[in-house]
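Fold and geometry: a report
So the chains spell out like this:
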Amino acid sequence: MERGNGHGPILVIGATGKTGRHLVARLRRLGEDVRAAARSTPVRFDWFDESTWEPAVSGARAAYLVDAQDEHAAERMRAFAPFAVERGVERLVLLSARGWADSGEPELLATENALTESGGAWTILRPTWFMQGFTEDEILRAPVRTGELPLPSGDGMEPFIDAEDIAEVAAAVLTRDGHEGGVYALSGPRALSMGEAVDTIAKATGRAIRYVPVSEDEYVDGLTARGVPPGQARFVAKLFGWIRDGEDAYLSDGVQRVLGRAPRDFTDFVAAAAAAGAWDD
Ligand SMILES: NC(=O)c1ccc[n+]([C@@H]2O[C@H](COP(=O)([O-])OP(=O)(O)OC[C@H]3O[C@@H](n4cnc5c(N)ncnc54)[C@H](OP(=O)(O)O)[C@@H]3O)[C@@H](O)[C@H]2O)c1
C-alpha cells in the first residue's frame with residue numbers, strides 16, 4: 001500500500017460528471033497529476049464495488065468526492081472516507097448541496113457527516129442548482145427542447161451556478177493550503193425564476209420555449225409518465241418546491257471568497273451553450 005506523500009496524484013471521483021469533467025481539465029492545465037475515476041473510466045471506481053477503491057486511492061494525495069447520489073450515499077461515504085484517510089489521502093473535498101444544509105433534514109446531511117467524522121482533512125462545497133441542469137440533465141433539457149417546461153417552482157427564484165465555477169473552486173481547495181474544515185456555499189451572481197431562465201434560453205437560441213407553473217402532484221405525474229421512478233420524481237418535485245417557497249433565492253459568496261472574483265452569470269452561460277449547440281436537434 002503506497003502512502004500519500006504530498007506528491008501523488010489528485011483523485012477525481014465523478015470525473016465524467018458536470019463538475020468532475022471540468023475539474024480534471026483544470027487540474028491538468030495547472031500541471032497537476034490527476035487520476036480521473038468513475039464507473040466508465042480506465043481507472044474504474046464504483047461506490048458499490050469496494051474492489052475498485054484500492055487502485056483509485058493508492059498513492060493519491062487528495063480526492064474530490066461526488067457521492068453515490070442514492071439512498072446509500074452516506075453509508076458508502078462512511079466506509080470510503082476512512083479507507084482513503086488510512087491509505088494516506090491527505091485532503092478530501094466533497095461536492096454537497098446548499099439545499100441539504102438549508103432543509104433542516106438530518107438525513108440530507110448524512111454524507112457530509114460521514115466525511116467530517118472520517119478523521120481526515122476535509123472541505124465541503126455546497127452549491128446551488130447547476131446551470132448545466134439545462135444542458136445536461138434530461139429532466140430540464142428535454143422540456144427545453146420540446147418548448148414547454150411544466151415545473152412546480154411557481155415564481156420562486158434560484159441563483160444557478162456554473163459547474164465550471166464549482167470546478168475552479170474545487171481545484172483551488174484541492175491544491176492550495178488553508179481550506180481545511182472550510183464549508184463553502186456557492187451560488188451564481190443573481191437569482192432567476194424558471195420563467196426568466198427559460199426566456200434567456202429562448203432569446204439566445206431563437207426557439208419558442210415557455211415555462212408553465214404546475215402543482216407538485218401534476219409534475220410528479222408527468223415525470224412518472226416519462227418513466228422516472230415515483231420516489232425520485234417526488235424528491236425532484238420537493239426540490240422545486242424549495243425554489244417555489246423562496247428558500248433558495250438568496251446569494252452565497254463562496255466563489256468570491258475562494259477565487260477572488262464574481263461567479264459567471266446565467267446569460268453568459270446560455271450564450272456559450274447556445275453557440276456550442278447545447279439544445280440543437
Ligand atoms: N445538478 C445540480 O444542480 C446539483 C446542485 C447541487 C448539488 N448537486 C450535487 O452534485 C452531485 C453530482 O450531481 P450531478 O447531477 O452534477 O451529477 P454528475 O456529477 O454530472 O454525474 C455523476 C457522476 O458520478 C459518477 N457516478 C454515478 N454513479 C456512480 C457510482 N455508483 N460509482 C462511481 N461513480 C458514479 C458518474 O459517472 P459514471 O456514470 O461514469 O460512473 C458521473 O461522473 C450530487 O451529489 C448532487 O447532489 C447537484
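In this report, we go over the structure that sits alongside the text. What you are looking at is a predicted structure, and each value in this text was computed from that prediction instead of being measured. (Residues numbered from 1 in each chain as written. Predicted model: local features only at pLDDT ≥ 70, side-chain atom pairs only at ≥ 80, totals over all residues. Heavy atoms only, no water.)

**Things to note about the site of the ligand**
For clarity, the threshold we go by: The criterion for a residue being near a molecule or strand is simple. One of its heavy atoms has to lie within 4 Å of it. We call two N or O atoms a polar contact when they sit within 3.5 Å, provided that within protein one can donate a hydrogen and the other can accept it, with sequence-adjacent residues counted only if both atoms are side-chain atoms. What sets the accessible areas is the Shrake-Rupley method with a 1.4 Å probe; for residues, cover comes only from the shown protein chains. Residues are grouped as follows: Ala, Val, Leu, Ile, Met, Phe, Trp, Tyr, Cys and Pro are nonpolar; Asp, Glu, Lys and Arg are charged; every other residue, Gly included, is polar.
If you check the shell around the ligand, you find 23 residues, and the closest are Thr16, Lys18, Arg39, Ser40 and Phe130. Within the backbone of Gly14, one N or O atom sits 3.3 Å away from an oxygen atom of the ligand. Within the backbone of Gly17, one N or O atom sits 3.0 Å away from an oxygen atom of the ligand. Its free accessible area being 880 Å², the ligand has 82% of it covered by the protein chains. Of the residues assigned to the shell around the ligand, the class counts are 12 nonpolar, seven polar and four charged.

**So, unusual backbone geometry**
Apart from glycine, the bulk of residues carry a negative phi angle, and the bulk of peptide bonds sit in the trans form. Stated precisely, the cut-off is as follows: Going along the chain from the N terminus, every DSSP run of H or I of four or more residues is numbered as a helix, and every run of E of two or more is numbered as a strand. Classification of residues uses two cut-offs on accessible area relative to the type maximum, computed with a 1.4 Å probe and protein chains only: under 20% is buried, over 50% is exposed, and between them is partly exposed.
For Gln69, which is not a glycine, the phi torsion comes out positive at approximately 55°. Positionally, Gln69 belongs in the loop between β4 (62-66) and α3 (73-86). Residue classification places Gln69 among the exposed positions, given a relative accessible area of 64%.

**Focus on the pairing of strand β1 (residues 10-13)**
A regular strand places its side chains on the two faces of the sheet in alternate fashion. Stated precisely, the cut-off is as follows: Crossovers are described as right-handed under a simple rule: with the strands pointing away from the observer, the path leading from the first strand over the helix to the second runs clockwise. Two strands make a pair as long as DSSP finds a minimum of two bridges between them.
The alternating pattern of β1 places Ile10 and Val12 on one face and Leu11 and Ile13 on the opposite face, and all of these are buried. With respect to chirality, the unit in which β1 leads through helix α1 (residues 20-29) into the neighbouring parallel strand β2 (residues 34-38) is right-handed. Here β1 runs beside β4; their pairing, made up of three bridges, is parallel. Bridged to Val12 within β4 is Tyr64.

Fair warning: the whole summary comes from geometry, so function is off the table for now.
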